[in-house]
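Chains, contacts and geometry: an overview
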Amino acid sequence: MDLLNLNYEKYKLKNGLEVILYRDNTLPIVTTNIWYRAGSANEKLGKTGIAHLFEHMMFQGSVNVPKEMHFRYIQEAGGNLNGSTSTDRTNYFEKVPSNFLELILWLESDRMGFFIPALTQEKLANQIDVVKNERLERYDNQPYGLAWEILISNLFPENHPYSWATIGSLEDISNFTIEDVKSFFEKYYSPANACLVIAGDFEPNEAKNLTEKYFGEIQGKNHLETPQLKPIRLDENKFIVHKDKVQLERIYLAWHTGCAYSEDDSALDIFTDLLTGSKTSRLYKKLVFEQEVAQDITAYQFSGKYAGYFVVIATAKPGILLAELKDKIFAEFENIKNNGINEKELLRSKNGIKSGFIYSMQNIDSMADQLNSYNYFLNEPNSFNYDLSRYENVSGENILGLFEKYFSKPFVELHVIPETEG
Amino acid sequence: MIFNRTVKPKPAKNISFGLPQIEKFKLQNGLDVIFIQKKKLPIIRLSLIINAGSKFDPENKKGLSNLLAMVIDEGAGKYNALELSEEFDILGANFSVNSNHDKIYFTLQTLTENFDKSLELFCTVIKSPHFSEEDFLRQKRKTLTHLLQLKDDPEEIADTVFSYVLFGEQNPYAFPTSGYDSHIELISINDIKNYYNMHLTPSNSTLVVVGDSSSKNIIEKLEQNIGSWRLEGTKIKKNFDTQGTSNQIFLVDKKDSVQTEIRMGYPSSKRSMDDFFPKLVLNTILGGPFTSRINLNLRENKGYTYGASSSFGYLQESGFFIVSTSVGIENTASAIKEILYELNKIREGITEDELEFAKSFLIRQFPSSFETYRQISSNLTTMVIHSLPDNYFNNYIENLNRISIEEVNKAALENIFTSNLSTIIVGDKEKLLSQLKSENFENIVSTDYNGKPAIL
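Basis of the calculations
- Residues numbered from 1 in each chain as written.
- Chains lettered and ligands numbered in written order.
- Predicted model: local features only at pLDDT ≥ 70, side-chain atom pairs only at ≥ 80, totals over all residues.
- Heavy atoms only, no water.
- Buried < 20%, exposed > 50% of the residue type's maximum accessible area, 1.4 Å probe, protein only.
- Helix = DSSP H or I, 4+ residues; strand = E, 2+ residues; numbered from the N terminus.
- Domains from an automatic or database assignment.
- Salt bridge = Lys/Arg side-chain N within 4 Å of Asp/Glu carboxyl O.
- Polar contact = N/O pair within 3.5 Å; in protein donor to acceptor, adjacent residues only side chain to side chain.
- Nonpolar A, V, L, I, M, F, W, Y, C, P; charged D, E, K, R; others polar.
- Pairing = 2+ DSSP bridges.
- Core = buried A, V, L, I, M, F, W, Y, C linked by side-chain atoms within 4.5 Å.
- Axes fitted to C-alpha atoms, helices over the stretch in contact; angles between N-to-C directions.
- Contact = heavy atoms within 4.5 Å.

1. Topic: helix H10 (residues 282-290) of chain A
All buried positions along H10(A) are accounted for by Arg282(A), Leu283(A), Tyr284(A), Leu287(A), Val288(A) and Phe289(A). The positive-phi residue at the C-terminal boundary of H10(A) is Glu292(A), with phi of around 50°.

Okay, here's the thing in structure tokens:
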């Protein structure tokens with residue numbers, strides 16, 4: 001599809017910083033999006049949550065930008081900004097009127113090159129409090145809020161960094177020191193470990209000159225660590241029960257699968273859609289619509305740089321046993337295995353995915369982030385058409401092949417049940 | 001290259017931004033249509049805004065409007081519920097029906113190449129819903145289970161109690177859109193059909209269209225597909241007077257919570273062109289963006305929370321002011337005090353520097369609020385709900401530019417109070433009660449999850 005074939009320019013500064021330029025002057029706005037190739041997968045046991053806490057510290061100012069002024073400068077330019085941390089990377093992004101491009105390059109470069117001297121114990125103590133509140137508000141105080149953490153800690157061995165949540169444990173967050181923050185910066189925050197996307201309304205020569213001016217002088221570091229992780233498998237099924245302040249019981253089933261963009265990744269994505277992506281999808285139709293044994297059901301394929309897993313989550317209607325839901329889920333797996341997937345179901349999923357690609361192009365920030373994502377995983381930013389073809393090429397046989405490879409293997413089963421029950 | 005990194009770069013030359021053209025027309029059945037052509041991508045987005053939200057729920061049937069929205073796309077025309085969903089899916093079209101206090105919304109996002117077919121389905125749902133007993137009962141059971149689940153969510157509880165104590169029993173905005181289980185039990189399929197006949201009419205609706213098409217094509221296709229939608233309906237008058245709330249703390253017990261959800265506020269004026277812009281600038285300084293006073297104090301200075309904000313909420317017939325945050329239990333009393341401090345302080349006036357910041361923030365972000373099809377559609381929806389003038393967006397920047405510090409200070413004195421302010425806290429009662437008492441807070445009452453009095 002022509003629409004998905006993007007014109008871009010990619011080059012490297014001498015210090016190793018990758019730069020990707022993508023022009024779209026529909027509106028007078030410009031966005032920068034920078035990915036550092038470090039996330040919670042780069043953490044060690046006892047230091048969980050440092051990648052995310054570090055992201056918070058990056059908004060606390062740098063040598064030439066006082067505390068709070070990073071936000072203030074961008075907001076007074078009419079811009080918005082944020083960052084996010086995942087298992088595999090940390091990103092920072094801002095979107096401003098296009099005449100403020102130089103401002104955001106100055107801000108991003110200042111915290112890439114001149115962050116450490118502006119770090120103080122006071123700033124760290126404040127952000128430790130903020131992040132503890134974030135964890136309590138978004139995980140501990142949410143219904144089923146700890147389920148994911150319990151699930152992955154059982155799916156992965158204790159020392160595997162995918163075994164803990166990116167937010168980190170409350171204890172680890174509380175104990176971080178200035179030294180921890182500095183050492184994370186030294187290991188991972190180097191121009192050579194980052195990629196900057198500039199997207200939107202800009203003049204290419206001007207953008208290149210400004211990028212060289214602000215980022216060119218930042219020194220690269222020699223010692224950058226990447227985790228060495230072996231493939232993981234479960235030797236036997238695991239069963240966990242967790243009590244929570246909830247009204248309804250919920251079951252989680254999780255299997256190991258493969259990494260992002262690996263052989264079966266797109267087939268697994270399509271499989272989630274075939275199972276629970278719409279009203280007519282297999283599990284939704286049977287369990288929620290026809291039999292009304294579940295209030296909701298979702299299948300989800302997580303695929304990261306170092307591993308992947310497939311999860312089915314179902315909330316039981318009052319009075320329905322989780323064992324019954326489990327049986328019905330496996331019965332439908334058997335049914336698909338024996339009778340296959342029909343062409344219309346497959347087409348429905350593929351059409352949804354195809355239009356989803358076009359819908360997602362509405363907004364320049366998500367385009368910039370996607371360019372960075374393709375560059376990170378595939379080393380080619382213009383991979384929209386390739387990505388779409390991965391889905392279009394999935395056949396019914398590919399789906400059937402998933403059972404032997406993944407769903408016949410041991411899995412983790414988690415039950416979340418109301419506290420009041422015995 | 002030698003340059004001075006300590007100096008903040010200045011903006012390059014000024015930018016120009018052309019507002020998209022708004023076209024308005026009326027179909028033969030009386031339906032108002034607002035259209036903006038946007039060609040960037042082969043996408044068309046439709047939003048039918050029907051004045052039929054939960055504010056029209058009958059006294060003993062709270063939840064009726066929402067249940068209608070849950071049932072209406074469960075089968076229409078020649079399609080049953082599953083077939084209808086399948087038809088939209090195979091076109092790669094996103095279709096949904098949602099409701100809030102004021103409106104029911106039908107939303108469709110489709111590729112231009114599938115517009116004709118998607119529009120036909122969209123209109124079929126509006127004109128010819130099945131409302132079968134079987135589909136109705138299934139959706140009713142689903143809603144009842146959903147209400148059960150809402151009891152788990154402290155944010156949801158805080159918002160529900162906030163509306164209830166603020167607006168008071170006599171006001172339709174006091175009740176949650178999702179309704180009450182005891183009321184939903186009483187609702188029959190005939191109630192749904194009557195509500196549909198009464199409220200879901202062309203003259204009670206506006207259709208917003210944004211996308212890669214022409215007004216000529218849109219009018220033609222709409223006349224073809226929705227021209228036969230010709231219900232007359234019945235207009236209902238409701239009283240939206242608010243009860244004055246007293247200066248109380250409403251404590252909702254959520255045993256073993258690890259955080260406290262806080263809402264503080266009071267009823268405020270409905271949206272008006274007379275004071276909307278001064279209030280917008282005021283709140284931008286007080287509790288809007290990240291760098292506003294309340295967030296900097298509670299988050300970046302005290303570390304009590306992950307985030308705190310305030311806003312003027314605008315309903316079609318009313319309005320409110322709200323401060324909203326979630327804090328560690330041990331900081332509940334301190335957080336309430338800091339919020340009161342900020343509310344009192346802003347009444348003493350703002351600085352020129354703050355005024356410049358707020359105006360700059362609001363004016364410069366204006367172009368980026370027209371980026372996506374959804375954003376443009378949502379801007380037009382706001383115009384419809386609040387009957388804003390046709391030149392609203394044309395004059396937006398000028399209206400902000402001319403705001404003086406005196407106008408903002410006047411808006412603060414007229415709209416920000418610490419008396420007659422209701423405070424809702426949702427958390428562990430035992431821990432909260434002793435903390436509040438030792439900090440000399442008075443007028444603490446206990447409520448259930450719906451805001452009704454409970455034993456303290």
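Next comes the rest of the write-up.
2. Some details on the domain arrangement of chain A
Residues and elements named next belong to chain A. Here the domain parsing of chain A yields domain 1 (2-215) and domain 2 (238-418). Centre-to-centre, using C-alpha coordinates, domain 1 lies 28 Å away from domain 2. One salt bridge connects Lys95 with Asp365, and the closest N-O pair in it is separated by 3.0 Å. At the junction of domain 1 with domain 2, the criterion picks out 20 residue pairs in polar contact (both at pLDDT 80 or more). At the level of secondary structure, the elements contributing two or more residues to the side of domain 1 that touches domain 2 comprise strand S2 (18-23), strand S3 (29-36), strand S5 (90-97), helix H5 (147-155) and strand S6 (194-200). Ranked by residues supplied to the side of domain 1 that touches domain 2, first place goes to H5 with 7 residues. Classifying every residue of the side of domain 1 that touches domain 2 by side-chain character gives 24 nonpolar, 10 polar and 6 charged.

3. A look at the sheet that holds strand S13 (residues 453-454) of chain B
All names here are of chain B. Taken in spatial order, the 7 strands make up an open sheet running S9-S10-S8-S11-S7-S12-S13, and their pairing is mixed. In this open sheet, the two edge strands, each paired with only one partner strand, are strand S9 (305-314) and S13. Both strand S8 (residues 259-268) and strand S10 (residues 319-328) contribute to a ladder of 10 bridges, which runs antiparallel. Residue pairing in the sheet places Tyr266 in a bridge with Phe321 of S10.

4. Focus: the nonpolar core
In terms of nonpolar packing, the biggest core is built from 132 residues, with Phe271(A), Leu325(A) and Phe407(A) touching the most fellow members. Among the nonpolar cores identified, the runner-up in size contains 57 residues, and Leu107(A), Phe185(A), Ala194(A) and Phe202(A) belong to it.

5. Quick look at the pairing of strand S12 (residues 444-447) of chain B
Each regular strand shows side chains that alternate between the opposite faces of the sheet. Residues and elements named next belong to chain B. Direction of pairing for strand S7 (residues 249-253) relative to S12: parallel, over a ladder of 4 bridges. By the bridge assignment, Ile249 is partnered in S12 with Ile444. With 2 bridges joining them, S12 and S13 adopt antiparallel strand pairing. When the sheet's bridge partners are listed, Thr447 is paired in S13 with Pro453.

6. Observations regarding the pattern of salt bridges
Within the structure shown, the criterion is met by 53 salt bridges over all chains. With a closest N to O distance of 2.7 Å, Glu149(A) and Arg135(A) form a salt bridge. Of the two residues, Glu149(A) is situated in helix H5 and Arg135(A) in helix H4 (residues 121-140); the sequence distance between them amounts to 14 residues. Its relative accessible area of 22% is what places Glu149(A) among the partly exposed residues. Where Glu439(B) meets Lys337(B), a salt bridge forms, and the shortest distance between an N and an O atom there is 2.5 Å. Here Glu439(B), found in the loop between helix H16 (429-438) and S12, pairs with Lys337(B), found in helix H11 (residues 332-346); they are 102 residues apart in sequence, far enough to count as distant. Since its relative accessible area comes to 34%, Glu439(B) is described here as partly exposed.

7. Side note on the pairing of S10(B)
Residue and element names in this part refer to chain B. The buried fraction of S10 amounts to 9 of the 10 residues, a majority that puts the element mostly inside the structure. In this structure, S9 lies alongside S10, joined through 8 bridges in antiparallel fashion. Across the sheet, residue Ser311 finds its bridge partner in S10, namely Ile322. Once S9 ends, the chain turns through 4 residues before running back antiparallel as S10.

8. Comments concerning the sheet that holds strand S8 (residues 250-256) of chain A
Backbone-to-backbone hydrogen bonds join strands into a sheet, with any given pair of strands oriented parallel or antiparallel. Residue and element names in this part refer to chain A. Ordered by their spatial adjacency, 5 strands build an open sheet running S7-S11-S8-S10-S9, and the pairing between neighbours is mixed. The open sheet terminates on both sides in strands that have one partner only, identified here as strand S7 (238-244) and strand S9 (294-303). Each strand axis lies, on average, 15° off the axis of its neighbour in the sheet, ignoring direction. Both S9 and strand S10 (residues 308-316) contribute to a ladder of 9 bridges, which runs antiparallel. Looking across to S10, one finds that Tyr300 is bridged to Val311. Against the sheet, H5 makes contact with S7, S8, S9, S10 and strand S11 (412-418), and its axis sits at roughly 155° relative to S11, the strand it touches most.

9. Here we look at helix H2 (residues 81-90) of chain B
With respect to burial, H2(B) is a largely interior element, 8 of its 10 residues being buried. Of the residues making up H2(B), those classed as buried are Ala81(B), Leu82(B), Leu84(B), Ser85(B), Glu86(B), Phe88(B), Asp89(B) and Ile90(B). Turning to H2(B), the residues buried within the fold contact H10 and helix H12 (343-359) of chain A together with strand S4 (94-99), strand S5 (104-111), helix H3 (115-127) and helix H4 (133-150) of chain B. The N-cap residue of H2(B) is Asn80(B): its side-chain oxygen and the backbone nitrogen of Leu82(B) are 3.0 Å apart. Positive backbone phi, approximately 65°, marks Gly92(B), located one or two places after H2(B).

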